[in-house]
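# Residue-level structure breakdown
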Amino acid sequence: MTQNQPPTIDDVAKVAGVSTATISRAINDPDKVAKATRDRINAAIDELGYTPHFGARAMASSRFKTVGAVIPTMANAMFASGMQAFQEALSEAGVTMLVATTGYDPEAELRQIRALMTQGASGLMLIGTERPEATRRFLNLRNVPHVLTWAAGPADEGVFAGFDNRRAAKSMAEHVLAMGHRKIAMIAGISAGNDRVAERIAGVRAAIEACDGAELVALAESPYLLQNAGDAFDEVWAAKPTAIIGGSDVLGAGAVVRARARGVSVPGDVSVTGFDDIGLSLVSAPALTTLRVPQIEMGRAAAEILLAQLAGGTPKSAIFETEIVERASLAPPRS
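Residues numbered from 1 in each chain as written. Predicted model: local features only at pLDDT ≥ 70, side-chain atom pairs only at ≥ 80, totals over all residues. Heavy atoms only, no water.

### Some remarks on the overall build of the protein
- Helices and strands together make up the secondary structure of the protein, namely 13 helices and twelve strands.
- Along the three orthogonal principal directions, the C-alpha set of the protein runs to about 75 × 45 × 35 Å.
- In the protein, which comprises 335 residues, the proportion classed as buried is 49%.
- Carbon and sulfur atoms form 51% of the exposed surface of the protein, whose accessible area is close to 15100 Å².
- For the protein, the centre of its 32 positive side-chain charges and the centre of its 36 negative side-chain charges are spaced 4 Å apart. (Helix = DSSP H or I, 4+ residues; strand = E, 2+ residues; numbered from the N terminus. Buried < 20%, exposed > 50% of the residue type's maximum accessible area, 1.4 Å probe, protein only. Areas by Shrake-Rupley, 256 points an atom, 1.4 Å probe, with all protein chains shown as cover. Lys, Arg positive; Asp, Glu negative; His and termini not counted. Charge placed at Lys NZ, Arg CZ, Asp CG, Glu CD.)

Below, the structure written as structure tokens:
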């Protein structure tokens, strides 16, 4: 195996000290291979970044006709418009999209990447920048064309079609502070293994720390579900903030629903904001002041970048700006 060539089954056989037939059995019918041997084969596969390509001969005639998209979830509308735009742009080029979800599990992402490549995906769209070294090594060893979305980072981390989460969240916090709020709470997503959430928290903190007299009085992390966001509202409301910054529209809307159930007026008693500008932000009562993420533009740019990579090009990152959308959930604090 040379530096620029993907590993083969022969390479795995040499490292594992078994025959290629044994490797095939371990992949296709693992119960017929002793556990110790399977473990040795799996260790070699991980070390080399090998992916079996079933039906490779058939796929050779349709090279670059399939790409994969690995996203955290399809249960949250924050990815919907971007994924639709990504798929439409690929379809225009005659390329099929395969989708896999991870449930925000970094190890599941690597399993899904391998599965998509096994099914013939020639390139990948991935979300964010934070992933285990094993995944990075796999992508590098296989020279997998891929584009990173919903984030922005330095060029040595990859090619992006995304936005700066820290800068975006900082701009929202600055907007809330400009309204006169000084006791701020935040309901964020789960930050472990999620660079987008971590960057949004960092952006809010940076804005508050730069403002005299301002304080982050409470921070709660929550899954992206209305019920969980409501529970997070209960947690941060104990600190009596005058404004709650939501790390997503789902979290903001969940906070509004729970506030109303408790007889807390929004924005009279507490202002609430969101992030994403999905449809939920409009039907919230009151409608959420939020950050509009250019999902459609990101999705199309991600497809164009990936297609250019597959054609042998070296496209540049496409970095987009977010925009604050003023609605009724944010007002100056009561004096």
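Picking up after the structure, the text goes on.
### Quick notes on the packing of aromatic side chains
- Enumeration according to the criterion identifies four aromatic pairs in this entry.
- Ring geometry for Phe79 versus Trp150: centroids 5.0 Å apart, planes at 70 degrees, classification edge-to-face. On the criterion of sequence distance, the pair formed by Phe79 in the loop between strand E1 (66-71) and helix H5 (80-92) and Trp150 in the loop between strand E4 (146-149) and strand E5 (160-163) is long-range, its members being 71 residues apart.
- Relative accessible area serves as the criterion here: at 3%, Phe79 is assigned to the buried category.
- Residues Tyr104 and Tyr224 carry aromatic rings whose centres are separated by 6.0 Å and whose planes lie at 45 degrees to one another, so their mutual orientation is tilted. (Phe/Tyr/Trp six-rings, centres within 6.5 Å; stacked < 30°, edge-to-face > 60°.)

### Quick look at the domain arrangement of the protein
- Here the protein is partitioned into domain 1 (9-60), domain 2 (66-163 + 295-322) and domain 3 (165-293).
- With centres defined by C-alpha atoms, the gap from domain 1 to domain 3 works out at 48 Å. (Domains from an automatic or database assignment.)

### A word on the sheet that holds strand E7 (residues 215-221)
- Spatially, E7-E6-E8-E9 is the arrangement adopted by the four strands of the open sheet, whose pairing is parallel. Because the sheet does not close on itself, it has two edges, and the strands there are E7 and strand E9 (271-273). Here the strands of the sheet are splayed against their neighbours by 20 degrees on average, with no regard to which way each runs.
- As paired elements, strand E8 (residues 243-246) and E9 share three bridges and run parallel to each other. If you follow Ala243 over to E9, its bridge partner there is Ser271.
- Most of the contacts of helix H8 (residues 165-178) go to E8, to which it runs at about 165 degrees, and overall it touches strand E6 (183-188), E8 and E9. (Pairing = 2+ DSSP bridges. Axes fitted to C-alpha atoms, helices over the stretch in contact; angles between N-to-C directions. Contact = heavy atoms within 4.5 Å.)

### Focus: unusual backbone geometry
- Looking along the chain, the bond that leaves Val266 and enters Pro267 is cis, with omega of 10 degrees.
- With respect to the secondary-structure elements, Pro267 resides in the loop between helix H11 (249-261) and E9.
- In this chain, Ala285 is followed by Pro286 through a cis amide linkage whose omega measures 5 degrees.
- Phi is positive for Asn143, which is not a glycine, with a value near 50 degrees.

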